[in-house]
Amino acid sequence: MDKGSDILFAVIASSLFSGQIKKAIYDSEGQIVYNMISTNIDIIDALQEVDNLDVDYLIIDMVSVENHRDIPFAIRDFRIKNENTQIIIIAPNCYPGNQELSLIVTMGVYDILNPIGDNLNDYDLYSDLLEVLKYPTTYAKAVKWDLGLNALSQNVKANSNQNVVTIVKDKIVGTMVIGVVGTMHRIGTTHTAINIASFLKTFNVKVGLVELNKTTVFEDIKNSYIDVKDIDNGFLLDGIYFYPNKEDMKLLNILEDDFNYIVLDLGVYNDCQLEEFKRADERIIVSGVKDWELGSLEAILRTRDGIHKNKYLFNFSDEETFAEIKENMVDLRCYLSSLTGNPFLVNKNSYKMCAKLLENIIPKQDGKRKGLKFNISGIFKKEK
């Protein structure tokens, strides 16, 4: 590292590595002008703050970032204004096939430190960081992270508990987690979650649906149909893997399976596992449009807690009412639901709605999908 005196660093890190990062910077005669230590950092907001500091180095520890999917987009915007800043990524227990790192490499970010181990408290990040500060990584060494070199028609599976990546028709689709919550009870949260899962299934991918709330609706669903197959901790119905709510449920165990998509039915916002909702790649809040229903939505919006990251889906609404609500929601992302009586039914309207709602995480389509089954078969109510 040889950029003269007053070498300025911005650090976004977890407490796990913050001490070693600080020591490496000071031992390299650097100065930290921005230092955020946490495990739920909004990387987009953080890099907007760093934008005005004119730093020489930006260090991002992925453990500190609340939503990893935001990292490439935040770095892209930061790069536009700060093309000379050297960016160093710390990616613990990540493996080739990680889609965020793949996108970052395409932006010319090659300095990726990759601690691996069950107990990273003893990992010597200090030495790795000193090395990369002195000798920046070349593309030849970082090329393993670049998914663009792989055949786009193949599936790439990472040796990671956190990420399974699939490449379909030149768009990367990972093990995406979709969180669905409702503003209140009986607003259509479970109905929406099932409809989303049914839509995703039309892409011939593996979809899991997890009941992460205190209801027993999934068990009621299981008892209502004959075409049900038991699986570990759940059941298989119409090609969707259902995981009913259980006291000993471990979401991580489900995420470790080779799902392309996981849909979380989180129940009511004010009583949900909010951390899991915030970790989701897509966050969907289901609301009604009646005056007594909108009050619950307004209470959520008043918290200002990550409201711009959510998507707002309005059930039981006509287009005129929805247009009025959308105008009042200003710059928030709003969608009109095409709620049908049967959540397993993927018709033209629900397909179009889900495709728009999830456009950032579904495979790229070439024209109209062929062979889409709008009528669900193989599900029959039990005879009483």
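The following paragraphs examine the structure supplied in this document. (Residues numbered from 1 in each chain as written. Predicted model: local features only at pLDDT ≥ 70, side-chain atom pairs only at ≥ 80, totals over all residues. Heavy atoms only, no water.)

### With respect to unusual backbone geometry
Residues other than glycine seldom take positive phi values, yet asparagine 93 does so here, at roughly 50°. With respect to the helices, strands and loops of the structure, asparagine 93 is situated in the loop between strand E4 (86–90) and helix H4 (99–106). One non-glycine residue, arginine 186, lies in positive phi territory at about 55°. (Helix = DSSP H or I, 4+ residues; strand = E, 2+ residues; numbered from the N terminus.)

### Concerning a negative patch on the surface
Together, Asp318, Glu319, Glu320, Glu324 and Glu327 make up a region of like negative charge exposed at the surface. Within the secondary structure, glutamate 319 is located in helix H12 (residues 319–328). (Patch = residues over 30% accessible without salt bridge, like charges linked within 9 Å, V, L, I, M, F, W, Y side chains within 5 Å. Areas by Shrake-Rupley, 256 points an atom, 1.4 Å probe, with all protein chains shown as cover. Salt bridge = Lys/Arg side-chain N within 4 Å of Asp/Glu carboxyl O. Lys, Arg positive; Asp, Glu negative; His and termini not counted. Charge placed at Lys NZ, Arg CZ, Asp CG, Glu CD.)

### Focus on the layout of surface pockets
Taken as a whole, the second largest pocket holds about 810 Å³ of empty space. Lining of the second largest pocket is provided by 34 residues; of these, Thr189, Thr190, Thr215, Val217 and Asp265 occupy positions nearest its centre. Looking at the lining of the second largest pocket, the elements with two or more residues in it are helix H7 (189–201), helix H8 (217–222) and strand E14 (261–268). The residue inventory of the lining of the second largest pocket, partitioned by class, reads 14 nonpolar, 12 polar and eight charged. (1 Å grid on protein atoms, 1.4 Å probe; cavity = no way out; pocket = protein on both sides within 12 Å on 5 of 7 lines; lining within 4 Å. Points joined across faces, edges and corners; volume = space filled by probe spheres on them. Nonpolar A, V, L, I, M, F, W, Y, C, P; charged D, E, K, R; others polar.)

### Regarding helix H2 (residues 43–50)
Along H2, the residues that are buried comprise Ile43, Ala46, Leu47 and Val50. Relative to the axis of H2, the buried residues are bounded by an arc of 95° and lie together on one face. Structurally, H2 contributes buried residues whose contacts are with strand E1 (7–13), strand E2 (30–37), strand E3 (57–61) and helix H3 (70–81). Near the N-terminus of H2, the side chain that reaches the backbone nitrogen of isoleucine 44, with its oxygen 3.1 Å away, is that of aspartate 42. (Buried < 20%, exposed > 50% of the residue type's maximum accessible area, 1.4 Å probe, protein only. Arc of directions from axis to C-beta. Contact = heavy atoms within 4.5 Å. Polar contact = N/O pair within 3.5 Å; in protein donor to acceptor, adjacent residues only side chain to side chain.)

### Observations concerning the packing of H3 against H4
Running from N to C, H3 and H4 point in directions that differ by 15°, and their axes come no closer than 8 Å. Here H4 runs roughly parallel to H3, going by the angle between their axes. The crossing of H3 and H4 is right-handed. Contact residues: H3 offers Ile71, Pro72 and Ile75, while H4 offers Glu100, Leu103 and Ile104. Its residues assigned to classes, the contact of H3 with H4 shows five nonpolar, no polar and one charged. (Axes fitted to C-alpha atoms, helices over the stretch in contact; angles between N-to-C directions. Parallel < 35°, antiparallel > 145°, perpendicular 65-115°, else oblique. Left-handed = near helix turned anticlockwise from the far one by under 90°.)

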